[in-house]
Amino acid sequence: MLMDRITRLFGTLSGWGYVIVFGLTVYEVVCRFAFNAPTTWVLETCILVGGLGYLFAGPLAQQERAHIRIETLYVHVGERMRRALDLLADVLAVLYGGALVYAALLIALPAIRRGEHTGSAFNSPEPVILKSAIAVAALLFALQALRNLFARRRNHR
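The following refers to the structure shown. (Residues numbered from 1 in each chain as written. Predicted model: local features only at pLDDT ≥ 70, side-chain atom pairs only at ≥ 80, totals over all residues. Heavy atoms only, no water.)

## Some words on helix α1 (residues 2–34)
Now for step 1: If you check α1, its first and last C-alpha atoms are 47 Å apart, about what 33 residues at 1.5 Å a residue would give, namely 48 Å.
Now for step 2: At its buried positions, α1 is contacted by α2 (42–63) and α5 (126–155).
Now for step 3: Phi for Asn 36, located one or two positions after α1, is positive at around 50 degrees. (Helix = DSSP H or I, 4+ residues; strand = E, 2+ residues; numbered from the N terminus. Expected span 1.5 Å × (residues − 1). Contact = heavy atoms within 4.5 Å.)

Below you can see the structure in the form of structure tokens.
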């Protein structure tokens, strides 16, 4: 399904983002301590790339059903109760994702309208990018949770 491929693409790219963060951090350390020439842009870029990685890991974890649950409770109940708990988790994930989309739009839209920048020496548009990405990642999470819910219901009938 297209949504699964999009989720996997964003999740995989976000994982590679941490490799970029590592490389940029090494670059900053070399510039700062070897050449006494710190950058004005590496920290903000690392925060942006790392933040994007964190955001898009959520929908991928939801797709793979790799979220955290209380195993001590889960392993001590019967199969029927496990299915009920899984269904409840999917419903709660859809509700959480929907609420997060709404809340993210409340902060993203004004930031986009104002064209927010960091106000630092680099003055990047990081706030607009991250606030918008929160909304996109939340939407992807909610849609993935909804897909998981329907797939679970279809498989347990």
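## Section: the side chain of Thr 39
Now for step 1: With respect to the element layout, Thr 39 can be found in the loop between α1 and α2.
Now for step 2: Separated by 2.3 Å, the side chains of Thr 39 and Glu 28 make a polar contact.
Now for step 3: From its side chain, Thr 39 meets the backbone nitrogen of Val 42 in a polar contact 3.3 Å long.
Now for step 4: Discounting chain neighbours no more than four positions away, the residues touching Thr 39 are Tyr 27, Glu 28 and Cys 31. (Polar contact = N/O pair within 3.5 Å; in protein donor to acceptor, adjacent residues only side chain to side chain.)

## Examining the pattern of salt bridges
Now for step 1: What the rule picks out here adds up to 7 salt bridges.
Now for step 2: For Arg 8, the salt bridge goes to Glu 64, with nearest N and O atoms at 2.9 Å. Placement of the pair is Arg 8 in helix α1 and Glu 64 in the loop between α2 and α3 (71–74), with a sequence separation of 56 residues.
Now for step 3: A salt bridge links Glu 28 to Arg 32; the nearest nitrogen and oxygen atoms lie 2.8 Å apart. Of this pair, Glu 28 and Arg 32 both sit in helix α1, 4 residues apart, which is roughly one turn of the helix. (Salt bridge = Lys/Arg side-chain N within 4 Å of Asp/Glu carboxyl O.)

## Some thoughts on the side chain of Gln 62
Now for step 1: Of note, Gln 62 is situated in helix α2.
Now for step 2: If sequence neighbours within four positions are ignored, Gln 62 has contacts with His 67, Asp 90, Ala 93, Phe 141, Gln 144, Ala 145 and Asn 148.

## Examining the nonpolar core
Side chains that are nonpolar tend, in soluble globular proteins, to be buried together.
Now for step 1: Counting residues in hydrophobic clusters, the biggest one holds 8 residues: Met 3, Leu 48, Leu 55, Phe 56, Leu 130, Ala 133, Ala 137 and Leu 140.
Now for step 2: Looking at this core, the elements that each hand over two or more residues are α2 and α5.
Now for step 3: In terms of residue count, the dominant contributor to this core is α5 (4 residues).
Now for step 4: Contacts of Leu 55, omitting those with residues within four sequence positions, involve Leu 130, Ala 133, Ile 134 and Ala 137. (Core = buried A, V, L, I, M, F, W, Y, C linked by side-chain atoms within 4.5 Å. Buried < 20%, exposed > 50% of the residue type's maximum accessible area, 1.4 Å probe, protein only.)

## Side note on a nonpolar patch on the surface
Now for step 1: Together, Leu 2, Ile 6, Leu 9, Phe 10 and Leu 13 give the surface a local cluster of nonpolar side chains, amounting to about 450 Å² of exposed area.
Now for step 2: Within the fold, Ile 6 resides in helix α1.
Now for step 3: For Ile 6, a relative accessible area of 34% translates into the label partly exposed. (Patch = residues over 30% accessible without salt bridge, like charges linked within 9 Å, V, L, I, M, F, W, Y side chains within 5 Å. Areas by Shrake-Rupley, 256 points an atom, 1.4 Å probe, with all protein chains shown as cover.)

Take it as geometry only, folks, not as evidence of what the structure does.
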